Structures are given as C-alpha cells and as structure tokens.
Amino acid sequence: MTRTLWQEKAARLLLQGAALTSLLIVLLIVVFLGKESLPFLSKPGWMELFRTRWNPVSFEREMFGILPLLSGSLVVTLLATVIAVPFGVCAAVYLAEVATVAERELFKPFIELLAGLPSVVIGFFGLVVLVPLVKQVFHLQTGLTALTGALLLALMAIPTIISISEDAIRSVPLSYKEASLALGASRLQTIWKVTVPAALSGITAGVMLGIGRVIGETMAVMMVTGNAAVITFSPLQSVRTMTATIAAEMGEVPFGSAHYRALFCVGVVLLIFTFGLNIIAQRVLKKYRIGA
Amino acid sequence: MSQRSGEARAFWVLRLVTYTIVLVIGYIVFDIVYHGAGTLSWEFLTGMPRKSGSEGGILPVIVGTLCLVLGTVIVALPLGMAGAIYLSEYAKQNRLTRTIRLAIVTLAGIPSIVFGLFGLGLFVIFLKFGASILAGSLTLACMVLPIIIVASEEALRAVPQSFREGSLALGATQWQTIRKNVLPYAVPGMLTGSILAVGRAAGETAPILLTVAAFYLPKLPKSIFDQVMALPYHLYILATQLPDVNKVRPMQYGTALVLLILVLGLNLAAIIVRSRYRKKYRW
C-alpha cells in the first residue's frame, strides 16, 4: 500500500514538473534574450535603435537603426494581410456554408497540407516561379520585392485563417440561421448579415493568429524580398524584414559585439509584437467561446 | 428572380476563391515533384556532396535532419505527453494552471527565429554545447513542445469520463486509472499530434540556422556534439548562396523534393494513424 502511495506521489510530481517546463522555457527565453540585448541599451545606447539607417558593418560609423527593418516587416505584413484576409475568409465561408460534403472532405485536409509545407520550400518556389513572374508583370529590374514576399506570406497565413474561421462559422447556432431564413432572408443575406457577424470574433482571432505567423516568418521572406534595408512603403521595392535581418547576419557577427547585441534587440522587438498579437487573439477567442 | 441570380453569382465568387487556393497549393506540390523527380536517384540519396553541394549526393544532409528529428522527439515527446497528462488529469483550475496555459499559448506564438536566438544564447553559448546536434535538437524541442501538449491534451479529453469513473470506483488509484484505463485509448491520438510536430521540426530552418546547421560539411556526424548539414538549410544554401544558382537547379529541386516527401510523409502518417484509431474506438 505504501508503495502504491509513493508511486502516486512520484507520478504526480513528475507530470507536474513536465507541465512546468513550458513555463520555464518562456522564462528562459525572456531571460536570455534580455541578457544578450540589454547591454546594447547602455552602450552604444538605446537612442541608436531609433536611427533611420541599418548599416551594422562599416569602417566609418556603424548604424543600428531598426526603423528600416520595422518598416520592412510592416509593409510585408500589411500587404500579406490585405491579400490573405479576403481569400481566407471567403474560402472559410464557402467551406462552412456553401460547399458540398465531398468538397469539404477533400479541400480541408488539402488546405491544411499547405500549413505543413516547410517555409523554405515555399520560399524556393517563390524564388524560382514567383520572382520572375513579378518582374515580368510589373516591368521591374528585379522581382525581389515586398509584394513577392507578401504573396508568399499570404499563402502561408491562409490555412490558419481558414481553419479557425471555418470552425467559428460552423459553431454559430443553427437556430440563428433558421430564424433568419424563416423571416424570408435569402441564403446569401443570412450568411452576410447573420452568420458571419455572429462568428466575427472567431474570424478576427484567426486573422490575428495568421498575422502572427506572417510577422515571425523568416525563410520565405529572406529568399524573395531582396533584403535592402531602406525605409519604404512601396510594395514594388526591395525590403528587409526584422526576421530576415537576424537570420542573415547572426552567422557572421562576432560574439558580444554591438552588432550581435543589436540583433538580439531586434529579436526582443519581434517577441513583443508576437506576444501582443497572441494575447489579443486569445482574448477575442475566449469571448467567442462564451458567446457561442 | 434577380436576387436569386445575384446569390448564385456571389456563391460562384466564393467557389472561385476556394478553388484558386486549392489550385495554387496543388501547383506548388506539382512543380516540385515534377522537376525534382528527375534528380532523385540512388546516387543522389546515398552519395556525398561535392563542390559545395553543387554536385554529388545529399546523404549527410538527410542523416543530419534525421539526427535532429530523432533528438527532438527524444526530448519533446515524453515532456509534452507528461505535461498534457498533468494538465488534463491532475491540474485544478487555479492560478498556476492558468499561468502554465498562458505559457503554452505564448510559446506556440513565438517566431522560429526567436527560438534560434534563444538556442544560441542558452545552449550554444551559455551551456557551451557549441553549434551541435544537441543544441539544435533542444531548440527544436522547445519549439514543438506546445504543439505536442495541445494535441495530446485533446486526445486525453476525448476519452470518456466514465472510463475514469469506472476504474476509480473499483478502487484503483488515480495514476493506476490513468495508466491502465485512459492512456491506452489516448496514445494513438497523442501520437498523431506528435507526428505533426515532428514534421514541423523537420522542415524548420530558422532555429537550426543559429544552433547547428553547417554550410558545407561532407561527412557523417559521430557524436551529438558534432555540427551537421540539414535538408531545409541545405536547400536555402543551394537556392541563394552558390555562385551560379541556376546551374544547380536540379540539385535544388531534388533537395526540395526529399524534404517535401519527408514532411508530407509524416503528415500523411499522422492522418492514417488518426483515421485507423477513429475506426477502432467508438464511444
């Protein structure tokens, strides 16, 4: 009996320890990102981060302004969102409300397949197929533009948006739709005026989680946006995102240098952005669960 | 009548959008299979790379990725499953549980490149593992942990409450109940989620970029402290870093196809496990 009791306690303790690991990892991430980035704030100083040029390797004067990187990430993310949201939401509405059973059974796993494609494979496809296409269509000198990156990112955000939005639309109580139809509304009117508004918080959460994925995406963006660190809001310009900067430059910086610390600062900014988006998305999701 | 045709038109637009998405996915997969199939050969799969990877095979690259995936599974699978058992079977609704859940959600949303920075700071530099299989696997394990936990917990929750009550009523302790009457029914579902997580680990580039991946290292690893080449990073190198990228196109497509087969194969395995298990257990 005592042996059983002892086993009971040991099992519980071990399992609890395992569950606490996630918390530990999050804390360690904060600690180590902080540890490697904070020295930058005293030397060369946090004001350096707000300069308008990122030129970390220079004989005259190194510049660590993250504004161009921030604008790069913003342009690509905004464009990707503008493309992905209508596509994702329309497809979610179609799959949830209009599609035949066969279509749904076939397309849902197929679209989830897209979520499983490695980003480097999508980036490679973009490089070989999409970059020449963008160059040709817009008569540019190079197809490595913010728009090219945004198109690939939209493709990567779409499965997330569809998956969560479709769930939200399908969980709208049937009685809502029946009431609307009984009042003489058409199917389209019911979808547009009743179902989608009722599922709006779920759709919003899906969109935000999709955007979270877009901001953090590294490889595909690095391969097709050209990586020019300039402040621009034109979709047909080459841009450099925060993620691509870290990935491209971290391999070559000396440990402990200002450049090394600056890259960790960029990591912290990324972490804050994605954490914020995540928290808001969770809040919205929770609201919709209670509402449904 | 015009309202009817308007509705039909609107549905057509929705249908068109959905089919466009499906076609684009199909085209990506087709493009890589079509162009990559010609490169796939016994020589390509089992040969050593030559001239920075522009010729020869990709054996060490495949072995490297398999090592990383295996290391990730060894670390993340027991941790994730155990954590899920605690959350689903033991945890009470209190502040600690809510904090753990918040941590899991947060972890799931952190960009992969930030995991790379974290792995570099903690495993490579602070713990002095260097750029190694060990550091890379641990970094990937941290990244896929939330996926395993969430999927495993879902599988545990799908086991009917009566299974637990029956066992407890017969005098079994809680751990005995979990071991004998809950886990056997939940493990297939837990594995499904874990396979998906492994697929994600196999395809990720950003975390291994800073913690393990070698640019060009045409030999097989001997210990967990060795650097290795890996499929996703190798594809990136071949596609962007070699002097004449167009000449090595067949190598690029071949590598992309091997990676695609590995990742999609894992996803397919997960789907098959899930459907089999759904047929076996119905309650």
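Our structure's up above, just so we're on the same page.
To keep things clear, this report deals only with the structure shown in the data block.

Cut-off values and rules
Residues numbered from 1 in each chain as written. Chains lettered and ligands numbered in written order. Predicted model: local features only at pLDDT ≥ 70, side-chain atom pairs only at ≥ 80, totals over all residues. Heavy atoms only, no water. 1 Å grid on protein atoms, 1.4 Å probe; cavity = no way out; pocket = protein on both sides within 12 Å on 5 of 7 lines; lining within 4 Å. Points joined across faces, edges and corners; volume = space filled by probe spheres on them. Helix = DSSP H or I, 4+ residues; strand = E, 2+ residues; numbered from the N terminus. Nonpolar A, V, L, I, M, F, W, Y, C, P; charged D, E, K, R; others polar. Contact = heavy atoms within 4.5 Å. Buried area = accessible area lost by both parts, 1.4 Å probe. Salt bridge = Lys/Arg side-chain N within 4 Å of Asp/Glu carboxyl O. Polar contact = N/O pair within 3.5 Å; in protein donor to acceptor, adjacent residues only side chain to side chain. Phe/Tyr/Trp six-rings, centres within 6.5 Å; stacked < 30°, edge-to-face > 60°. Buried < 20%, exposed > 50% of the residue type's maximum accessible area, 1.4 Å probe, protein only. Lys NZ or Arg CZ within 6 Å of the ring centre and 35° of its normal. Patch = residues over 30% accessible without salt bridge, like charges linked within 9 Å, V, L, I, M, F, W, Y side chains within 5 Å. Areas by Shrake-Rupley, 256 points an atom, 1.4 Å probe, with all protein chains shown as cover. Expected span 1.5 Å × (residues − 1). Bend = angle between axes of the 7 residues up to and from the residue. Lys, Arg positive; Asp, Glu negative; His and termini not counted. Charge placed at Lys NZ, Arg CZ, Asp CG, Glu CD.

## Describing empty space enclosed by the protein
Residues and elements named next belong to chain A.
Move 1: By the definition in use, this model includes six cavities of 30 Å³ or more.
Move 2: By volume, the largest cavity is sized at about 50 Å³.
Move 3: Lining the largest cavity, in full, are Ser-73, Val-76, Thr-77, Leu-153, Val-214, Ile-215, Glu-217, Val-221, Thr-241 and Thr-243.
Move 4: Ranked by residue count, the leading element in the lining of the largest cavity is helix α2 (residues 67-98), at three residues.
Move 5: Across the lining of the largest cavity, the residue classes tally to five nonpolar, four polar and one charged.

## Things to note about the interface of chain A and chain B
Move 1: The interface of chain A with chain B comprises 72 residues on the first partner and 77 residues on the second.
Move 2: Around 6800 Å² of area is buried between chain A and chain B when both sides are counted, 82% of it from carbon and sulfur atoms.
Move 3: Here chain A is connected to chain B by zero salt bridges.
Move 4: Here chain A and chain B share nine residue pairs in polar contact (both at pLDDT 80 or more) between them.
Move 5: It is helix α1 (residues 2-45) of chain A that contributes the most residues to the side of chain A that touches chain B, 20 residues altogether.
Move 6: Here the side of chain A that touches chain B is built from residues that sort into 52 nonpolar, 14 polar and six charged.

## Concerning the packing of aromatic side chains
Describing an aromatic ring pair means giving the distance of the ring centres and the angle of the ring planes.
Move 1: Overall, the coordinates contain 17 aromatic pairs over all chains when judged by the stated rule.
Move 2: With 5.1 Å between their ring centres and 90° between their planes, Phe-107 of chain A and Tyr-19 of chain B make a pair best called edge-to-face. Separated into two different chains, Phe-107 of chain A in helix α3 (residues 101-116) and Tyr-19 of chain B in helix α1 (residues 2-36) make up a pair that spans both.
Move 3: Relative accessible area serves as the criterion here: at 33%, Tyr-19 of chain B is assigned to the partly exposed category.
Move 4: On the numbers, 5.8 Å between centres and 70° between planes, the contact of Phe-118 of chain B with Phe-123 of chain B is edge-to-face.
Move 5: Overall, Phe-118 of chain B belongs to the buried group, its relative accessible area being 1%.
Move 6: Owing to a relative accessible area of 7%, Phe-123 of chain B belongs among the buried residues under this scheme.
Move 7: Directly above the aromatic system of Trp-12 of chain B lies the positively charged group of Arg-15 of chain B, at a separation of 4.6 Å from the ring centroid.

## Some points on a nonpolar patch on the surface
All names here are of chain A.
Move 1: On the surface, a nonpolar cluster with roughly 550 Å² of combined accessible area is contributed by Leu-38, Leu-41, Trp-46, Met-47 and Phe-50.
Move 2: Relative to the helices and strands, Met-47 resides in the loop between α1 and β1 (54-55).
Move 3: What makes Met-47 exposed here is its relative accessible area of 53%.

## Regarding helix α3 (residues 59-90) of chain B
Move 1: For α3 of chain B, with 32 residues, the first-to-last C-alpha span of 45 Å sits near the 46 Å given by 1.5 Å per residue.
Move 2: The sharpest bend along α3 of chain B measures roughly 30° and falls at Ala-76 of chain B, with the proline Pro-78 of chain B sitting one to four residues further on.

## With respect to the side chain of Thr-65 of chain B
All names here are of chain B.
Move 1: In this structure, Thr-65 sits in helix α3.
Move 2: For Thr-65, a relative accessible area of 3% gives the class buried.
Move 3: At 2.8 Å, the side chain of Thr-65 and the backbone nitrogen of Leu-231 are in polar contact.
Move 4: Sequence-distant contacts of Thr-65, that is, excluding residues within four places in its chain, are made with Ala-202, Met-229, Ala-230, Leu-231, Pro-232 and Leu-262.

## What to know about the pattern of salt bridges
Pairing of side chains with opposite charge becomes possible as their charged atoms draw close.
All names here are of chain A.
Move 1: Throughout the structure, instances matching the rule amount to 12 salt bridges over all chains.
Move 2: In this structure, Arg-240 and Glu-249 form a salt bridge, with 2.4 Å as the shortest nitrogen-oxygen distance. Of the two residues examined, Arg-240 and Glu-249, each falls in the buried class.

## Describing a positive patch on the surface
Move 1: A grouping of Arg-283 and Lys-286 of chain A together with Arg-95 and Arg-98 of chain B is seen on the molecular surface, where their side chains present a positively charged patch.
Move 2: Among the secondary structure elements, those contributing two or more residues to the positive patch are α11 (258-291) of chain A together with α4 (95-109) of chain B.
Move 3: Positionally, Arg-95 of chain B belongs in helix α4.

No statement about biological role is implied by the geometric values presented.
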